[in-house]
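# Overview (structure and organization)
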Amino acid sequence: MPRPWVPDHHRLAAKAQGFASRAVFKLKAIDEKYGLFKPGQRVLDLGCSPGSWLQYIGSRVGQKGLAVGVDLNPPEIEMGHPLYFLPGDVSSIDFDLIRTLSRDFDVVVSDMAPKTTGIRQLDQQRSLELAQEAFNCARELLKPGGHFLVKIFAGPETEAFINTLRFSFDQVQRLKPAGSRPASPEMYVLGLKKRAGPGQGKRRRPPDITNLKEKS
Ligand SMILES: C[S@@+](CC[C@H](N)C(=O)[O-])C[C@H]1O[C@@H](n2cnc3c(N)ncnc32)[C@H](O)[C@@H]1O
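Counting of residues starts from 1 at the beginning of each chain's written sequence and follows it residue by residue. Thresholds applied to this predicted model are a pLDDT of at least 70 for local features of residues and 80 or more for the giving and counting of side-chain atom pairs; totals over whole chains, interfaces and linings are not thresholded and use all residues.

### Here's the deal with the packing of helix α2 (residues 24-34) against helix α3 (residues 52-61)
Operational definition: Geometry is summarised by axes, namely lines fitted to C-alpha atoms with helices restricted to the contacting stretch, and by angles between N-to-C directions that run from 0 to 180 degrees. A helix here means a DSSP run of H or I that spans at least four residues, while a strand means a run of E at least two residues long, and both kinds are numbered starting from the N terminus. Note on convention: the crossing is left-handed when the near helix lies turned anticlockwise from the far helix by less than a right angle, right-handed when the turn is clockwise. Each residue gets a C-beta atom placed from its backbone, and two residues are in contact if those atoms lie within 7 Å. Residue type decides the class: Asp, Glu, Lys and Arg count as charged, Ala, Val, Leu, Ile, Met, Phe, Trp, Tyr, Cys and Pro as nonpolar, and the leftover types, Gly among them, as polar.
Two elements in contact, α2 and α3, have axes whose closest approach is 8 Å; the angle formed by their N-to-C orientations is 35°. Read as a crossing pair, α2 and α3 show a hand that is right-handed. From α2, V24, L27, K28 and D31 reach across to α3, where they touch S52, W53, Q55, Y56 and R60. Classifying every residue of the contact of α2 with α3 by side-chain character gives 4 nonpolar, 2 polar and 3 charged.

Structure follows, in structure tokens:
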């Protein structure tokens with residue numbers, strides 16, 4: 001369990017380097033291994049506040065790129081091109097509004113997390129629902145060949161969620177990056193190279209993920 005009053009190595013390092021949160025080191029570790037971001041890319045960051053991922057993504061895509069963050073709460077960082085923020089709930093996201101900033105995106109990331117209750121099954125369920133919302137955004141806004149990274153609290157439905165992603169991406173990896181507390185239930189799922197569309201990939205049409213929601 002996070003203990004915000006106890007300074008840890010990653011929190012101190014984030015502060016020293018001017019990042020809004022220790023979460024940056026998880027994204028950095030994944031980017032260094034998989035090469036997610038490139039200069040000039042357009043990236044959508046779901047659950048972006050307080051803003052360390054946006055800061056990192058902005059530094060990677062540069063002035064010719066774009067990093068659009070969405071969150072219930074405003075970021076606590078200095079905004080300005082290439083960083084943009086849209087307030088709101090990802091479950092009722094306005095795709096048309098996002099498309100006014102960019103028609104589609106090279107990478108969609110989600111670090112969204114529910115307010116935890118301490119009731120493990122409930123927290124897992126809420127995290128799964130957020131991951132599914134993020135996946136809906138990726139299906140809508142991620143361009144073919146693009147990458148999708150999503151946080152999820154590991155639980156009984158995680159495998160089914162990962163299997164759903166396998167219909168849409170060439171490769172799907174489960175990740176527990178450096179910077180993620182070993183005791184935390186969080187893990188990340190990375191979908192590499194989105195397939196062009198239903199029926200165009202190597203696998204058959206994916207199941208309707210609303211069924212997945214009802215089952216769990
Ligand atoms: C762990 S924090 C993200 C940290 C961020 N990656 C960073 O580097 O600063 C999780 C965020 O998810 C957001 N969140 C949770 N549910 C959401 C929802 N339904 N829509 C939008 N944002 C949501 C929370 O407000 C919170 O800011």
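### Thoughts on the nonpolar core
Condition: Connectivity within a nonpolar core runs through C-beta atoms within 7 Å, and the core itself is a set of buried Ala, Val, Leu, Ile, Met, Phe, Trp, Tyr and Cys residues. Partly exposed residues are those falling between the two cut-offs: more than 12 but fewer than 20 other C-beta atoms within 10 Å of their own, whereas 20 or more means buried and 12 or fewer means exposed, with C-beta atoms placed from the backbone.
Core analysis: the biggest nonpolar cluster contains 51 residues, and V43, W53, V108, A134 and V150 have the highest contact counts within it. Elements that contribute at least two residues to this core include exactly α2, β1 (42-46), α3, β2 (66-71), β4 (105-110), α5 (120-141), β5 (142-153) and β7 (186-194). No other element matches the 8 residues that α5 contributes to this core. If sequence neighbours within four positions are ignored, V150 has contacts with S110, A131, A134, F135, Y188 and V189.

### Some details on the site of the ligand
The following threshold applies: As a rule, any residue with its backbone-derived C-beta atom within 6 Å of a molecule or strand is reported as near that molecule or strand.
Close contacts around the ligand come from 22 residues, with A23, G47, S52, V90 and D111 the closest. Its residues assigned to classes, the shell around the ligand comprises 12 nonpolar, 7 polar and 3 charged.

### Overview of α5
Note the threshold: Any helix carries an expected span of 1.5 Å times its number of residues minus one.
With 22 residues, α5 extends 31 Å from end C-alpha to end C-alpha; this agrees with the ideal 32 Å at 1.5 Å per step. Listing the buried residues of α5 in full gives Q124, S127, L128, L130, A131, Q132, E133, A134, F135, C137, A138 and L141.

### Re the environment of S91
Within the secondary structure, S91 sits in the loop between β3 (83-87) and α4 (95-101). Looking at S91, the number of C-beta atoms within 10 Å reads 13, which means it is partly exposed. Between the alpha carbons of S91 and E129 there is a distance of 9.0 Å; along the sequence they are 38 residues apart.

### Focus on the sheet that holds β1
Heads up, the rule is: Pairs of strands are assigned from DSSP output, requiring at least two bridges between the strands.
The 7 strands lie next to each other as β3-β2-β1-β4-β5-β7-β6, forming an open sheet whose pairing is mixed. The open sheet has two edge strands with one neighbour each: β3 and β6 (169-175). The average angle at which neighbouring strand axes cross in this sheet is 15°, direction not considered. Along the sheet, α2 makes contact with β5, β6 and β7, crossing β7 at roughly 35°. Along the sheet, α5 contacts β1, β4 and β5; its crossing angle with β5, the most-contacted strand, is approximately 170°.

### Description of unusual backbone geometry
Geometrically, the link from S49 to P50 is a cis peptide bond, its omega value of 10° lying close to zero. By the element assignment, P50 lies in the loop between β1 and α3. A cis amide bond links H81 to the next residue, P82, at an omega of 15°. Mapped onto the secondary structure, P82 falls in the loop between β2 and β3.

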